[in-house]
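Listed below are the residues making up each chain.
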Amino acid sequence: MSENVQLNKHEIDVGEESFLQGVKDCIPTLLGYLSIGFAAGVVGKTSGLSIMEITLMSSMIYAGSAQFIMAGMIASQGSVTAIILTVFIVNLRHLLLSAAISPYFRQLSSFKMTLIGSLLTDETFGVAINKAMNQKSISEKWMHGLNITAYLNWIIATLAGAFFGQWITNPEKFGLDFALTGMFIGLLVLQMISRKIIIKDLVVAVSAVLIVLGTSTFLSGSMAVIAATVVAATIGMAVEKWK
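None of the values given here were measured: they were computed from a predicted structure.

Engineer: Would you explain the confidence of the model for the protein chain in this entry?
Structural biologist: For residues with low pLDDT, the predicted coordinates do not support detailed interpretation. In this model, the protein chain carries an average pLDDT of 79, and 80% of its residues clear a pLDDT of 70 or more. Taken element by element, the protein chain is modelled with least confidence in helix α1 (residues 2–16), mean pLDDT 45, and with most confidence in helix α9 (residues 140–164), mean pLDDT 92. When the criterion is pLDDT under 50, residues 1–15 qualifies, and its contacts beyond four places in sequence or with other chains add up to one contact.

Okay, here's the thing in structure tokens:
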């Protein structure tokens, strides 16, 4: 009897760590990706980019905030150097995301960790770190299921936006320029509710906002966000330890 119970438990554990389960766990983020990706495609199209250029940007850069910024800078005829530097600074946050998730993949080689990190986004990080709260490691297959599903969905969404964007000349009129911000707000609220430690999370959130407002007077917007992330995370850790 006990052997059967242990076997069933093992089967459940394997199912929860499979590639297909990673695909299923990605589903809640797909609607957000569809709307944000569509908006990114529309904005890119109205900025003068071709459908092929937008598709290549989505598949090679794969960063919503960076793609919105690139589209705006291209529309305003910004220099190539300025665009590259800005995108690099905006995406520096991925160093923090990768550093936070890497301990759960210690069993993997550097090459395999690089494959996982190359498709890591804010949203897939949120799903993965929420899953990792009660375990010491994350399945490689599960993470690939999560990452690849999000990646393909993003490309399809931006491609659709690029195609239909030729008939949308003013994306701001439909609020598409706010789509990315709206999605992040929704993800933040959902994560705060699931953690059930609202007061501590609010302390971190308010701290981050105040730090961004304070440092943006002498730092660029992107650097202010990075500084706020580091300091607010430190405050969160201190609040978590202090009981």
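Engineer: I'm lost on the side chain of T121 in this one. Help?
Structural biologist: Mapped onto the elements of the fold, T121 is located in the loop between α7 (110–118) and α8 (122–131). By relative accessible area, which is 5% here, T121 ends up buried. Apart from residues lying up to four places away in sequence, T121 is in contact with Y33, Y62, H94 and L97.

Engineer: So what exactly am I meant to see when it comes to the nonpolar core here?
Structural biologist: Generally speaking, nonpolar side chains in soluble globular proteins are found buried as a group. Formed by 31 residues in total, the largest nonpolar core has its most connected members in I101, F105, I138 and M143. Elements that contribute at least two residues to this core include exactly α2 (19–46), α4 (64–75), α6 (93–101), α8 and α9. Setting aside anything within four residues of it in sequence, one finds I138 in contact with E17, I101, Y104, F105, Q107, A128 and A132. I54, M73, I83 and V87 belong to the second largest nonpolar core, which has 10 residues in total.

Engineer: Help me out: how do you make sense of the pattern of salt bridges in this one?
Structural biologist: Two side chains that carry opposite charge are able to pair once their charged atoms sit near each other. Applying the stated criterion to the full structure yields one salt bridge. Its salt-bridge partner being K131, residue E17 comes within 3.7 Å of it at the nearest N-O pair. One end of the pair, E17, is in the loop between α1 and α2; the other, K131, is in helix α8, and 114 residues separate them in sequence.

Engineer: I tried to follow the packing of aromatic side chains on my own but got confused; where do I start?
Structural biologist: Centre-to-centre distance and the angle between the planes together describe a pair of aromatic rings. Considering all chains together, one arrives at four aromatic pairs under this definition. Between Y33 and W154, the ring centres sit 5.8 Å apart and the planes meet at 75°, which makes this aromatic pair edge-to-face. Taken together, the residues span a long stretch of sequence, with Y33 in helix α2 and W154 in helix α9 at a distance of 121 residues. Considered together, Y33 and W154 belong to a single accessibility category, that of buried residues. Seen from their ring centres, Y62 and Y151 are 4.9 Å apart, and the 80° between their planes marks the pair as edge-to-face. Here Y62 is found in the loop between α3 (51–60) and α4, whereas its partner Y151 is found in helix α9, with 89 residues between them in sequence. Ring pairs connect the aromatic residues F38, F163 and F164, which therefore count as one cluster. The ring centre of W142 lies 5.0 Å from the NZ or CZ of K131, which sits over that ring.

Engineer: How should the environment of A66 be read in this particular structure?
Structural biologist: Inspection of the secondary structure puts A66 in helix α4. By relative accessible area, which is 0% here, A66 ends up buried. A66 sits 22 residues away from F88 along the chain, and the two C-alpha atoms are 8.6 Å apart. Discounting chain neighbours no more than four positions away, the residues touching A66 are I61, V87, V90 and N91.

Rules used throughout
Residues numbered from 1 in each chain as written. Predicted model: local features only at pLDDT ≥ 70, side-chain atom pairs only at ≥ 80, totals over all residues. Heavy atoms only, no water. pLDDT = per-residue confidence, 0-100. Helix = DSSP H or I, 4+ residues; strand = E, 2+ residues; numbered from the N terminus. Contact = heavy atoms within 4.5 Å. Buried < 20%, exposed > 50% of the residue type's maximum accessible area, 1.4 Å probe, protein only. Core = buried A, V, L, I, M, F, W, Y, C linked by side-chain atoms within 4.5 Å. Salt bridge = Lys/Arg side-chain N within 4 Å of Asp/Glu carboxyl O. Phe/Tyr/Trp six-rings, centres within 6.5 Å; stacked < 30°, edge-to-face > 60°. Lys NZ or Arg CZ within 6 Å of the ring centre and 35° of its normal.

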